[in-house]
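Chain by chain, the residues run as shown.
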Amino acid sequence: MRGRLGGLRDLWGKSAREAMKTIQLAGIFVLSLLSAGCSTTTPEPEPDAVQVSDPLENMNRFFFGLNQRLDRDAARPAANAYKE
């Protein structure tokens, strides 16, 4: 009588026990590769990248504040009035 894994003998020409051992080793190999990908660290940032200056920072801050005020004072009340 053929066992539960008897069909593996026909597939690889090995006994069922040898075939299962091969499958287990392949599974361990794949899992070790997947776990190795999760163990990498992020590189340290370059010192020059931390000290980048933005020559347009003041203008950007002005327009950001202007957009926030326009949203708060004009767009949001108009949206609420439309919704009601």
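Residues numbered from 1 in each chain as written. Predicted model: local features only at pLDDT ≥ 70, side-chain atom pairs only at ≥ 80, totals over all residues. Heavy atoms only, no water.

Colleague: Please explain the overall build of the protein chain as it appears in this structure.
Modeller: Counting secondary structure elements, the protein chain contains four helices and zero strands. A buried classification covers 6% of the 84 residues belonging to the protein chain. Of the roughly 8,100 Å² of accessible surface on the protein chain, 60% is carried by carbon and sulfur atoms. (Helix = DSSP H or I, 4+ residues; strand = E, 2+ residues; numbered from the N terminus. Buried < 20%, exposed > 50% of the residue type's maximum accessible area, 1.4 Å probe, protein only. Areas by Shrake-Rupley, 256 points an atom, 1.4 Å probe, with all protein chains shown as cover.)

Colleague: How should a nonpolar patch on the surface be read in this particular structure?
Modeller: A cluster of nonpolar side chains, namely Phe 29, Val 30, Leu 31, Leu 33 and Leu 34, defines an oily patch on the protein surface of about 530 Å² accessible area. Tracing the backbone through its elements, the reader meets Leu 33 in helix H2 (residues 16–37). (Patch = residues over 30% accessible without salt bridge, like charges linked within 9 Å, V, L, I, M, F, W, Y side chains within 5 Å. Salt bridge = Lys/Arg side-chain N within 4 Å of Asp/Glu carboxyl O.)

Colleague: Explain the packing of aromatic side chains to me, please; I cannot follow it from the model alone.
Modeller: The geometry of an aromatic ring pair is captured by the separation of the ring centres together with the interplanar angle, meaning the angle of the planes. Considering all chains together, one arrives at one aromatic pair under this definition. Plain terms: the ring middles of Phe 62 and Phe 63 are 5.1 Å apart, the flat faces sit at 75 degrees to each other, and that makes the pair edge-to-face. Residue class for Phe 62 comes out partly exposed when judged on its relative accessible area of 48%. (Phe/Tyr/Trp six-rings, centres within 6.5 Å; stacked < 30°, edge-to-face > 60°.)

Colleague: Which parts of the structure should I look at to understand helix H4 (residues 57–83)?
Modeller: Side chains that are three or four residues apart share a direction in an α-helix, a result of its 3.6 residues per turn. Taking 1.5 Å per residue, 27 residues should reach 39 Å; H4 reaches 36 Å between its end C-alpha atoms and fits that length. At Asp 71, H4 shows its largest kink, close to 40 degrees. (Expected span 1.5 Å × (residues − 1). Bend = angle between axes of the 7 residues up to and from the residue.)

Colleague: What is the right way to look at the pattern of salt bridges in this model?
Modeller: Within the structure shown, the criterion is met by three salt bridges. Among the salt bridges present, the one from Glu 57 reaches Arg 61, with a minimum N-O distance of 2.9 Å. Separated by four residues within a single helix, Glu 57 and Arg 61 lie in helix H4, roughly one turn from each other. Glu 57 gets classed as partly exposed once you look at its relative accessible area, which sits at 33%. When its relative accessible area of 56% is taken as the criterion, Arg 61 is described as exposed. Linking Asp 71 and Arg 76 is a salt bridge whose minimum nitrogen-to-oxygen distance equals 3.3 Å. With a relative accessible area of 46%, Arg 76 lands in the partly exposed category.

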